[in-house]
Number of protein chains: 4
Amino acid sequence: EDVEFFKGISRIPYKPDAGPTESLVYKHYNASQVVLGRTMEEWLRFSVCFWHTFRGTGADPFGFPTLIRPWDDGSNSLENARRRLRASFEFFTKLGVKYWTFHDRDIAPEGGTLSESNKNLDEIVDLAEQLQKKTGVKLLWATCNLFSHPRYMNGASTNPDAQVFAYAGAQVKKGLEVAQRLGAENFVFWGGREGFHSILNTNIRAELDHMATFFRLAVAYKKKLGFKGVFLIEPKPKEPAKHQYDYDAMTVIGFLRTYGLENEVKLNIEPNHTTLAGHAYEHDIVVASAYNMLGSVDANTGSPDLGWDTDQFPMDVRNATVVMQVILKQGGLQPGGLNFDCKVRRESTNLEDMFISHIGAMDTFARGLKNAARILEDGIIVRHVEDRYSSYKSGIGAKIEAGNTTLEELEEYVQTHGEPQRISGQQEHYENMLNFYL
Amino acid sequence: EDVEFFKGISRIPYKPDAGPTESLVYKHYNASQVVLGRTMEEWLRFSVCFWHTFRGTGADPFGFPTLIRPWDDGSNSLENARRRLRASFEFFTKLGVKYWTFHDRDIAPEGGTLSESNKNLDEIVDLAEQLQKKTGVKLLWATCNLFSHPRYMNGASTNPDAQVFAYAGAQVKKGLEVAQRLGAENFVFWGGREGFHSILNTNIRAELDHMATFFRLAVAYKKKLGFKGVFLIEPKPKEPAKHQYDYDAMTVIGFLRTYGLENEVKLNIEPNHTTLAGHAYEHDIVVASAYNMLGSVDANTGSPDLGWDTDQFPMDVRNATVVMQVILKQGGLQPGGLNFDCKVRRESTNLEDMFISHIGAMDTFARGLKNAARILEDGIIVRHVEDRYSSYKSGIGAKIEAGNTTLEELEEYVQTHGEPQRISGQQEHYENMLNFYL
Amino acid sequence: EDVEFFKGISRIPYKPDAGPTESLVYKHYNASQVVLGRTMEEWLRFSVCFWHTFRGTGADPFGFPTLIRPWDDGSNSLENARRRLRASFEFFTKLGVKYWTFHDRDIAPEGGTLSESNKNLDEIVDLAEQLQKKTGVKLLWATCNLFSHPRYMNGASTNPDAQVFAYAGAQVKKGLEVAQRLGAENFVFWGGREGFHSILNTNIRAELDHMATFFRLAVAYKKKLGFKGVFLIEPKPKEPAKHQYDYDAMTVIGFLRTYGLENEVKLNIEPNHTTLAGHAYEHDIVVASAYNMLGSVDANTGSPDLGWDTDQFPMDVRNATVVMQVILKQGGLQPGGLNFDCKVRRESTNLEDMFISHIGAMDTFARGLKNAARILEDGIIVRHVEDRYSSYKSGIGAKIEAGNTTLEELEEYVQTHGEPQRISGQQEHYENMLNFYL
Amino acid sequence: EDVEFFKGISRIPYKPDAGPTESLVYKHYNASQVVLGRTMEEWLRFSVCFWHTFRGTGADPFGFPTLIRPWDDGSNSLENARRRLRASFEFFTKLGVKYWTFHDRDIAPEGGTLSESNKNLDEIVDLAEQLQKKTGVKLLWATCNLFSHPRYMNGASTNPDAQVFAYAGAQVKKGLEVAQRLGAENFVFWGGREGFHSILNTNIRAELDHMATFFRLAVAYKKKLGFKGVFLIEPKPKEPAKHQYDYDAMTVIGFLRTYGLENEVKLNIEPNHTTLAGHAYEHDIVVASAYNMLGSVDANTGSPDLGWDTDQFPMDVRNATVVMQVILKQGGLQPGGLNFDCKVRRESTNLEDMFISHIGAMDTFARGLKNAARILEDGIIVRHVEDRYSSYKSGIGAKIEAGNTTLEELEEYVQTHGEPQRISGQQEHYENMLNFYL
């Protein structure tokens, strides 16, 4: 039980003067460094995901597994599950990350019956509890895998078969109990099969009504249980389904409002999903935050030239800076965090690549944080934006702002004041100002 | 004033046995033919749009105008505007279409001041009223152009400058008055500049709040005026803006619910916008109808390999069939219709091409209507879908349907009933069944 | 050995008057029916692919296998491989398709060494030979799987490691021998890993030079062997690689010319790959045929709103008609064919769905063939296109056509003849004419 | 004639310590600073394009012009053309850029006949010659606009009408004469209308044959003239045409080889076109350089979430670094350069925005140059890549490299050496190394 899995790798140190080939050091992430009144660790709340990093095999639709982990014998046994979990906590600890995330079925094998699955889960959760206590690593969020098992091929809560809906409900019940036990700070719903492949065989309205019912039942049970974690829906437009109902941030917000769930559920935004939905990298983070619905972020990236989810480690400092600005402005993500829903490329087969990839992403977000803090401390860009909207502070603008006018009054105003001035949007100037801080 | 503009072309006849080169006849559209209890004309409610068909020049971002219309001297004069309008009513009549649509600024030239613009508009509306009366052609919907004038470059109701918001309000006031005068059955809002080019200089939340206020003011004035037309928002994800707030059907429904406008406004869906948002052709029509929000359709198409709005004439019988099924199922589009928001290719420079393109689209939708009617009369596909969801009619399914269960009960159910059966989605069978009717 | 795998399903009959729910009959495909001087079977040369239809499990990146085949015990044994092969020949026969295709590793399990893999392959090829003889089903093409095994993760012929190049060469050597033994009419190369994920670690020029060398070695061995099948490259732009060198038809033609291989290799075009490359469905088929490089077609389709290869069964009659027109114009595809590189949806779990999907696609192409034949017999559209280019038949056009002019002469011509006339491209008229035949 | 057009703006100075709001200074671009043995000015060879910057109006498909330039009266007069040219040379000079580019029809108005157009062009070229001499600004490249005039709507050299081909030839003849007179260092061909909107009415092969003939005629005339500038084709996949023949770098290279033009023509790569073709930003620059075909670069960018050419100023330091690495590795772009084929956003209506946008892009590329130089001086990344391919330096790899082996020999090699080792591609490590330099 005291086996060391990552031999030769010790706690990743902060070494700001390291060169490009020193790969197992942080050059920017300094957990205890204070920025705008909090430590980097407090602002960034990094989390490692268990599924990609400890269950990812490198298999893709055209290729077999490539990632061989010495602790993983490839079996579905509980013993193997325990070894994986021990390896993961060593990884979290050496990396110096304080949070992890998982799906129920990642950490414990699915059994032949629900009871057996639940029993397996309980056994692993026992170990997880110990390891959490021992290491101080906490559970950012848990989630139920309602998409991999064949029973969910036509949807979980949106399945045309009510028995599958029931099964998903039973699985979420257990998931919530486990989340509570492990002190999960949030609970995520990702509806990978909640959608359709063909409109021809689908009753969209019925399915969405069922999905809403499902959330209502989960909310009720959460309250009964006294679970305090925040419910989060993670939008994704497509893949595996041809169309997923949780298309993007605005669609989910609309769904929640349509069904009166807007006070019960927030959003977990993954930028790779945002770009698949046709938006800019930061779009859904900005939108969710604007409506006080940004609960957590799956910090990853895709390739803009690819039409599927690549779950790459986020390495773009510009993007990280823009995201961190949003997070700083809303006062942080807590109880959410930056979860690395990322996988090493299937060609990155060295054990070291697991560290290198996370380190790169953490350094990227540390740079993003420092840049964003400078931007906000300087206040220049923020003031530029405020000035742009200042006409709503007085006169007719203030009346509009208050909703206290009529089309007739606006017409009169125009007849008195005539044609508005042409005011430059200065996009390139804003881009240059941003570049100044990068 | 009794000039004939389309010499040599008479009323397009229905000639079902015509060959491929007979281009000025309907081979499928037979206005008075009864299908499922209504005439084709009543189901299809075709409308010609004034902007593309009478103001389109064939100019594109890389090329100068190509479309020379003998009645159009290229000037901004009222006289020219009148000639265009007369030509258009001759066109509607010869085509045998009963509806038209326009933007305020298409039909009458913008003046140097709002008053002058309104005066120009009034003069042309006088003529429009006469021509409507004389020909029996009616106004499906009117709309205000709040995107072409430079004052709107940074948005109309979402402009950072309150004075522009005021201007847009004044323009819509007049637009509503004109719509009422001409008996418009609907009034459309398309927010081509309601969005942004750069998140850096934009306060999304402020802009969306202002947009909601704008709709509230318009609703208030509509009621004051007693205008009975239906308000419709037309979603589009992008172009000209990098991101438009009315991204797609679900986004708009969410916006309306967020701001309490869901009972005041419905949707006008344009499939070319739907595909630009990353959805299947019929997606937004299906979704809007599922929530009783489908008010009208801009019947056009794009090219799936192009990333901009091409506004092509819809020529795909499969797509028309699927759309007409939705429309038949909801009992028709009235007071909406199928508006051809389409333009001849800039290379289609013959005057005849104006007719040929509309005829092709009308024949396509006539085939779609006949196919959809056969599908619904046979009832086979509909029953297949109903059967697929039949588990929600009784037992645990009925309890779910009623929202009358708990996760605990679902867990018990699973413990009793075990693993659900694997039930084929039969997508290919549905595709074959659809193909049977095409 | 005389086990029947598809009990209750007999030879699919042609039954033109069948209704929409009769799913196990051809309504349009009548193998022996003569169209333009050949039977449907001769024109269409349908082929079933072994990989999707007999090795597909329904697994996707987010889900486990769903497709359970009673003859497949999920093992890697030769016995299992033999059962699969017997089932497949029963399927080909009951479907009435005369060709099949496979990858070496689909039909026989990869062993621990190359020799063992080759031995496995030989054993299965023995059985395949028997089954081909017994049923009359022939091998349209064989191919080597140079992408699934982890050794190929960084490429096969373009791998930075020469030892992998060598391995790929050895595998293709055996593949060619097997292809010859089974009388393959073609041999396909699909370079799923010939490309890159990151330009940062890649020497593109070195990799392409190696790829060309690989083809030269294969051509040399083919000649030595006396194998008469046609070599075909199958373009695909991306997936699994971020960028694949065989991007599209024009890219491959350029590659072949750059390296002097244009007389040794033709193209196998898959429309789902074409659309992923940003082209229209039929584009690469048209382009390859225009340069006499169209060797074969993987008859499938994707969803235009999805950014990955869905390998759906082709069900669109319009697309099938356009493709068949190209094929008829070039005098047929022989020795190539229409290979169904398609998979049932993972939700289509019934054994019957295997038949239904192929039947639907075959009926679609039979309709396409009949439509295309009518178009060409009528000759109207063809003549329209010829007329459009008729100016190159005489005068200055003929001189241009012959390359027999100069810019000076063209300038003189313009000074004499002035501005060209505006000639309508009549796109909508062409679309209507095509619709006439659909 | 000594009017100052940009009053209040003087020569843009280099001021490395300037703050974010100081917008009219270079913070990174220091023309005379030596990097890797050349000045920044020599490596970067910046060029301003006349069309966007002095003919751009801000009009878009949905909006009227927004950009009002005090020197431009909007007329087509020669006097206006002269004022624009004088303003542009003041702009080049104040910006401190040494090159410009133009289309024939940008600088001088098209006349009613070719002779009149040529006469207009001659008059303006007289002035351009004077201004070039006076300011020292040189012509990076000239090009002919063969896409805006309606005569080219169906193509220039690929037009179905031979008379249009002739017209295009005559126009290029004059363009070459003008280019020679002004000492153009290159001559660009961008085939915006060389493609199609519908395959139905198009003979692709005939059109491509004609296009090749066109280039042959241009090459012949170039030689006759003794013009020494390099011919460059600029690839673009689509827009305005639905499909353009010069799709991307590989397609153009293939075209040139197919028609034996590979020694006469190189490529001008525009990254915004590259991304529209579905590739990564730097892809076509890398590919063209790998085949010694990279002649020049149109330094701009698009938005990955938009499907059309936005021609934005390039502001991404990571992209600029990667591009500059390629350029440094091939020893520079000369006689090509970095041409800003960019336009200010139509909302950037201040005269200052013209400067701010160019300054931002120049600073971005200056940072890219400095980063790339450090990367190459350190040599670490380069050596990593070389090591990755080192197996081709000896043994079986060297034989493969030399093309001096057979499949049989490779098989023997595998039988002796067995399974290759799994070698990590280390993508994340490369990304981290790159980030080190950004």
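The structure we're discussing is the one just above.
Cut-offs applied
- Residues numbered from 1 in each chain as written.
- Chains lettered and ligands numbered in written order.
- Predicted model: local features only at pLDDT ≥ 70, side-chain atom pairs only at ≥ 80, totals over all residues.
- Heavy atoms only, no water.
- Least-squares fit on C-alpha atoms with pLDDT ≥ 70 in both.
- Contact = heavy atoms within 4.5 Å.
- Helix = DSSP H or I, 4+ residues; strand = E, 2+ residues; numbered from the N terminus.
- Polar contact = N/O pair within 3.5 Å; in protein donor to acceptor, adjacent residues only side chain to side chain.
- Buried area = accessible area lost by both parts, 1.4 Å probe.
- Salt bridge = Lys/Arg side-chain N within 4 Å of Asp/Glu carboxyl O.
- Nonpolar A, V, L, I, M, F, W, Y, C, P; charged D, E, K, R; others polar.
- Buried < 20%, exposed > 50% of the residue type's maximum accessible area, 1.4 Å probe, protein only.
- Pairing = 2+ DSSP bridges.
- Axes fitted to C-alpha atoms, helices over the stretch in contact; angles between N-to-C directions.
- Parallel < 35°, antiparallel > 145°, perpendicular 65-115°, else oblique.
- Left-handed = near helix turned anticlockwise from the far one by under 90°.

Could you give me a rundown of the relation of the copies chain B and chain D, with the residues and numbers involved?
Here the second copy of the chain follows from the first by a rotation about an axis and a shift along it. When chain B is brought onto chain D, the operation consists of a screw motion whose angular component is 180° and whose axial shift is 0.0 Å, with 0.0 Å RMSD remaining. As the rotation angle and translation indicate, the two copies are arranged about a two-fold axis. Within chain B, Gly307(B) has its C-alpha nearest the rotation axis, a separation of 1.9 Å. The residues that chain B uses at the interface reappear at the interface of chain D in 100% of cases, marking a shared surface.

Can you explain the environment of Glu282(C)? Please cite residues and give values.
Within the secondary structure layout, Glu282(C) lies in the loop between helix H9 (271–276) and helix H10 (283–290). A C-alpha to C-alpha distance of 6.2 Å links Glu282(C) and Val323(C), two positions 41 residues apart in sequence. With residues near it in sequence (within four places) discarded, Glu282(C) still touches Arg318(C), Asn319(C), Val322(C) and Ile199(D). Among the polar contacts listed, one links the side chain of Glu282(C) to the side chain of Arg318(C), at a separation of 3.3 Å.

Describe the relation of the copies chain B and chain A, and please don't skip the residues or the numbers.
When chain B is fitted onto chain A, the two copies agree to an RMSD of 0.0 Å after a turn of 180° and an axial shift of 0.0 Å. When you check the interface residues of chain B against chain A, 100% turn up at the interface there too, and the contact is symmetric in its surfaces.

Lay out the interface of chain B and chain D in plain terms, naming residues and giving numbers.
Across the boundary between the two partners, chain B contributes 31 residues, which contact 31 residues of chain D. For the chain B and chain D pair, buried surface summed over both sides reaches about 2700 Å², with 60% attributable to carbon and sulfur atoms. Connecting chain B to chain D are four salt bridges. Of the charged contacts in the structure, one is a salt bridge between Lys242(D) and Asp305(B), with a shortest N-O distance of 2.9 Å. Here chain B is connected to chain D by 16 residue pairs in polar contact (both at pLDDT 80 or more). For the side of chain B that touches chain D, the residue count by class is twelve nonpolar, nine polar and ten charged.

Break down the interface of chain B and chain A for me, with residues and values.
Contacts between the two partners involve 93 residues from chain B and, on the opposite side, 93 residues from chain A. Summing both partners gives a buried area of about 8500 Å² for chain B against chain A, and 63% of it is carried by carbon and sulfur. Three residues stand out in chain B for area buried against chain A, namely Leu200(B), Asn201(B) and Leu407(B), and they jointly supply 9% of the buried area on that side. If you look at where chain B meets chain A, you find six salt bridges.

Which residues make up the pairing of strand E4 (residues 99–103) of chain C, and what values do they have?
Residues and elements named next belong to chain C. For E4, a buried count of five out of five residues is recorded, marking the element as mostly surrounded by other parts of the structure. The side-chain alternation of E4 yields two buried faces, one formed by Tyr 99, Thr 101 and His 103 and the other by Trp 100 and Phe 102. Where strand E3 (residues 46–49) lies against E4, three bridges are found, and the strand directions are parallel. Its bridge partner being in E4, Cys 49 is matched across the sheet by Thr 101. Examined bridge by bridge, E4 and strand E5 (residues 138–143) share five bridges and lie parallel to one another. Bridge pairing links His 103 to Thr 143 in E5.

Describe in detail the environment of Arg55(C), supporting the description with residues and values.
Residue and element names in this part refer to chain C. Residue placement: Arg 55 occurs in helix H2 (residues 50–55). Considering only alpha carbons, one finds Arg 55 and Arg 84, 29 residues apart in sequence, at a separation of 8.4 Å. Ignoring sequence-local partners within four residues, the contact set of Arg 55 consists of Phe 50, Arg 84, Arg 105 and Asp 106.

Account for the sheet that holds strand E12 (residues 338–340) of chain B, with residues named and values stated.
Residue and element names in this part refer to chain B. The sheet built from eight strands closes into a barrel, its strands ordered E3-E4-E5-E6-E8-E10-E11-E12 with parallel pairing. Shown here is a sheet whose adjacent strand axes are inclined to one another by a mean of 30°, direction ignored. Of the pairings in the sheet, the one linking strand E5 (residues 138–143) to strand E6 (residues 186–189) comprises three bridges and is parallel in character. Bridge pairing in E6 places Trp 141 opposite Asn 186.

I'd like a rundown of the packing of helix H11 (residues 317–329) of chain A against helix H12 (residues 351–378) of chain A, residues and numbers included.
Residues and elements named next belong to chain A. H12 packs onto H11 with a crossing angle of 55° between their chain directions and a minimal axis gap of 7 Å. On the basis of the axis angle, H11 is oblique to H12. Along this stretch, H11 crosses H12, giving a crossing that reads as right-handed. Packed against H11, whose contacting residues are Val 317, Ala 320, Thr 321, Val 323, Met 324, Gln 325, Leu 328 and Lys 329, the element H12 presents Thr 364, Phe 365, Arg 367, Gly 368, Leu 369, Asn 371, Ala 372, Ala 373, Ile 375 and Leu 376 at the interface. Here the residues of the contact of H11 with H12 are counted per class, giving eleven nonpolar, five polar and two charged.

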